Amino acid sequence: MNLNHLKWSVAALVCSVAAACVTINVYFPEAAAEQAADRFIRDVIGPETEPQAAVVPPAIPAPRASLVAALVGFVIPSAHAQSADIDIESPQINAIKSRMAERHRQHLAGWFDAGAIGFSNDGLVEIRDRSAVGLAERRTLEQVVAAENADRNAVYREIAVANGHPEWEDQIRETFARRWIANARPGWYYQDAGGRWQQA
Amino acid sequence: MSHRFLTVDRRLPGHAPGLAALAALVAASVAGPVGALQWTLQADAAVAGGLRVERLRVERAADGRVEAAVDGLVVPALGALGRFRLDCAPAALPCREGRLQRIDEAAGVLATANWTRGTEDLPDGGLALARTSDGWGLRVDGLELAAWLAAPQAPVMLQSGRMTGRASIAGGSGQFDLRIDELGFDTADGRYAGAGLRLDVEAEWDGRELEAGLAWRAGEVLLGPAYLPSPPVPVALALSVVPRAAGGRRVLGRLTADGLIAAGLDAGWDAPGALLRPDRASLELEIPSLGALWSLGPESIAAGAGWESLQVQGRLDGRLEWRAGQVGMLDVELAGVGIDDPSGRLSIRDLDGRLQRRDALDRAALSFETLTLYALPFGPASLRLSGTPEALALDEPARIPLLDGALRLDRLRIERGGEGPPGLALDAALEPLSLAELTGRLGWPRFGGQLSGRFPSVRLDRETLEVAGGLDLELFDGSARIENLAIERPFGPLPALAGTLTLDRLDLAPLTAAFDFGAMQGSLSGYVRELRLLDWQPVAFDAWLYTPRDSRRSRRISQRAVDQIASLGGGGAAALSAPLLSLFDDFGYARVGIGCRLAGNVCRMRGLEELDGGGYRIVEGRGLPRLDVVGFRRQVDWPVLLAQLEAATRGDGPRVDD
């Protein structure tokens, strides 16, 4: 056994001892989070209009009430079972989502088209060219972007908390950051990992 | 080759001498020696106070035409303006008539003005120059600023604007009086912009003193986060600069807008120094109506921070003295301030406040009639604080009435040292207030009792308010405690509240009566842990409510309460058939326990114990007829459960019938 082997063996031993101490080992459900983020994002920015770019999102089976519960229940309709590992449906988050959709329709879509704003690499919206917006509208640019980002920050945090893992906030933010960019319309700007603006 | 070249190929001396040299060259070209001589003057890279010229050329051709051209003119802020050329008609030296043009290498002539001697009878868009007895006079009439001064990729891009007015220069003195209409500008980064601006600009100097004035009469401006719409009254800035011994100077400034603002500045420099670091300065500020001024900037800044459409009133007066590089004296007074947030988060009535600083000691006083946070009205109250510029502390405990109780601040310390938001240390207590009034305010079913609490520390950072200690409630002959309170984004888009609620032996008889939930006798204990409210609605908790075994109260449950509980458990049937049940008004019970863990909009139910067959026992009966309530549904839609609870407590809930 050479020295290198010994080193790896010790490392493996340390790892296994450490692993034994860790009792909770929950992995972030990346794929489910991406699908959930995609649904959220499409609800906000609307369906893709260009037919050639239209992609049907992978369908998640709609939760169904169990048969037993349906038979027993006659007062309260049955609850939805949770089939996805990440659930982002709640009346509060839905309310924010519709507010974001309205804001997108009213302001942000035009500003994305004009290149005034872009998707930042941390899941937010960032102003990249104020002069692309007329003065009359520019006065609201800052305010609307601030409101949008406050909503987004709240959504990322609350999705993590609602799924029982506040520590997932950063991963949810990263997932959303990627999916906003993936769902960007052609011509919209986004930041790459180095913070440089790119065009979708 | 009959031209004679005189090339100045060294860099002209900088700053004012450079400018003077440039002016001398231009003057020479205009008024220069008359003769048949053909000559060219050329200066490269003249630099004068940020002004740069690549080449200056004056050429007198054999036919007597004089052409003066400036190439590569760069003006600070306005950018590279390119080439300007003045053609003088033949036999017209000094240049009496001619043409001034701005030329772009690619686009050709951008602007042309007739160069006229004499300052009367100008055509539109004209420019006239006159030789006066001791200097020069200039007149412009509707000069298109963008054509003359706009450059692509300039830090400040002029988009529109017409200038009309006069200027005269004689020796070291001069004056100008200009009116600018429809000025539009934008900066490269888009942070600063203006549109439709109507400005009056004037200045007068005599080699020693300078008087200048700027009036903003109309048009909108964007200054970073502040948006200023067209002002309701003209906003005027007057400035005078008086030189002092040893290169020092005194600057007097006054900003006025009738009914909006009046500010005065008196600043002095003992020696030539940085513009923003005077040796001494005093500033006076008077805002007679915060409401009238609010729309001119503050409103847009507040809206950017999430406080849209605030209604503000009151007045502000302030005085500041700056000496030895710091604030020597400060006195700011707020009077009759009112704030109303249309979305109902905050409302303030009749707030008066004063902050004074003398010799690095601060004193602050604050009083208000009411301060309403969401539905909770605080006040009237007055607070006095004192300390240093780094830390302010409450002089004596303050009592802020809240309904029929009060919030008592025993200790309050605000630290402003360093970066980030001010630190806040607080020791507070809630003097008992009646639950009847509080619950009424919050739109809950009214019930009696008392609420009090003690908060030995409160931590506030950008997004989160964390409260150590807790609230004690005395209600329904029992007690309850709320702990681990934390509020995220208290005024933000989705306020979240976390906390823990513990219930200890509430008397079920008045409780069920208050909520109209049938009738039960006995005690109720339990907890709601990991509670999280979003937008003040529960989204997650782990709740367990039960009747403690050692209660001395009698244990009976009414027919209707059985129905309600049974329906919560998914309509799980009682052990007796409904017709038989209905013979009895109420039943004895040994114990009751029902739990719910809410997550993902679904309540996961549990009971006293698991039963064979998949049910869970909610009510364990006692005596005869013995009645057990068994739940079968494990997962209940929270909104449905909520609607059902609401219906139940209104007294028209669903009944078990057949």
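These numbers were taken from a predicted model, which means no experiment stands behind them. (Residues numbered from 1 in each chain as written. Chains lettered and ligands numbered in written order. Predicted model: local features only at pLDDT ≥ 70, side-chain atom pairs only at ≥ 80, totals over all residues.)

Across its full length, chain B carries nine helices and 44 strands. Counting across all 658 residues of chain B, residues that qualify as buried make up 24%. A separation threshold of at least 6 residues defines the contact pool for chain B, and within that pool the share at least 24 residues apart is 45%. (Helix = DSSP H or I, 4+ residues; strand = E, 2+ residues; numbered from the N terminus. Buried ≥ 20, exposed ≤ 12 C-beta atoms within 10 Å, placed from the backbone. Contact = placed C-beta atoms within 7 Å.)

Our next topic: the interface of chain A and chain B. Taken together, the 34 residues of chain A in the interface contact 42 residues of chain B. Residue assignment for the side of chain A that touches chain B shows that the elements contributing at least two residues are helix H3 (67-72), helix H4 (91-114) and helix H5 (135-162) of chain A. Of all the elements, H5(A) adds the most residues to the side of chain A that touches chain B, at 13 residues. The class makeup of the residues in the side of chain A that touches chain B is 17 nonpolar, eight polar and nine charged. (Nonpolar A, V, L, I, M, F, W, Y, C, P; charged D, E, K, R; others polar.)

Moving on, we come to the confidence of the model for chain A. Regions with low pLDDT should not have their predicted coordinates read in detail. All names here are of chain A. When pLDDT is averaged along chain A, the result is 74; 68% of the residues meet or exceed 70. Low pLDDT, under 50, characterises residues 6-25; the predicted model gives this stretch one contact beyond four residues in sequence or across chains. Counted against residues more than four places away or in other chains, residues 50-84, with its pLDDT under 50, gives 53 contacts. (pLDDT = per-residue confidence, 0-100.)

Next up on the list: the packing of helix H2 (residues 30-45) of chain A against H4(A). All names here are of chain A. Put simply, H2 and H4 touch, their axes get as near as 7 Å, and they point 45° apart. In terms of axis orientation, H2 runs oblique to H4. Here H2 contributes Phe-40, Asp-43, Val-44 and Ile-45 to the contact with H4, which in turn contributes Lys-97, Met-100, Ala-101 and His-104. A class-by-class count of the residues in the contact of H2 with H4 yields five nonpolar, one polar and two charged. (Axes fitted to C-alpha atoms, helices over the stretch in contact; angles between N-to-C directions. Parallel < 35°, antiparallel > 145°, perpendicular 65-115°, else oblique.)

This paragraph deals with the sheet that holds strand S4 (residues 197-199) of chain A. Residues and elements named next belong to chain A. Read across the sheet, four strands follow the order S2-S1-S3-S4 without closing on themselves; strand pairing throughout is mixed. The open sheet is flanked by strand S2 (125-127) and S4, the only strands paired with a single partner. Strand-to-strand twist in this sheet, taken as the mean axis angle between neighbours without regard to direction, amounts to 40°. Where strand S1 (residues 117-119) meets S2, three bridges bridge the pair, whose relative direction is antiparallel. Counterpart to Ile-117 in the pairing with S2 is Ile-127. (Pairing = 2+ DSSP bridges.)

Take the nonpolar core next. In terms of nonpolar packing, the biggest core is built from 95 residues, with Ile117(A), Ile159(A), Val562(B), Ile565(B), Ile618(B), Val619(B) and Val629(B) touching the most fellow members. Top element by residues in this core is H5(A). It accounts for 11 residues. Core analysis: the second largest hydrophobic core is formed by 33 residues, Val66(B), Leu86(B), Ala113(B) and Leu158(B) among them. (Core = buried A, V, L, I, M, F, W, Y, C linked by C-beta atoms within 7 Å.)

Residues and elements named next belong to chain B. Between Gly-379 and Pro-380 the backbone carries a cis peptide bond, its omega angle lying at 5°. Checked against the element boundaries, Pro-380 lands in the loop between strand S24 (376-378) and strand S25 (381-387). One non-glycine residue, Asp-359, adopts positive backbone phi at about 50°. Within the fold, Asp-359 resides in the loop between strand S21 (346-358) and strand S22 (361-368).

Quick look at the pairing of strand S15 (residues 235-243) of chain B now. Residue and element names in this part refer to chain B. In terms of strand pairing, strand S13 (residues 210-223) meets S15 through seven bridges, oriented antiparallel. Paired with Trp-216 across the bridge in S15 is Val-235. Here S15 pairs with strand S16 (residues 249-257) via eight bridges, running antiparallel. Bridging across to S16, Ala-238 finds its partner in Arg-254. Linking S15 back to S16 in an antiparallel pair, the connection comprises five residues, with Ala-246 at a positive phi of about 60°.

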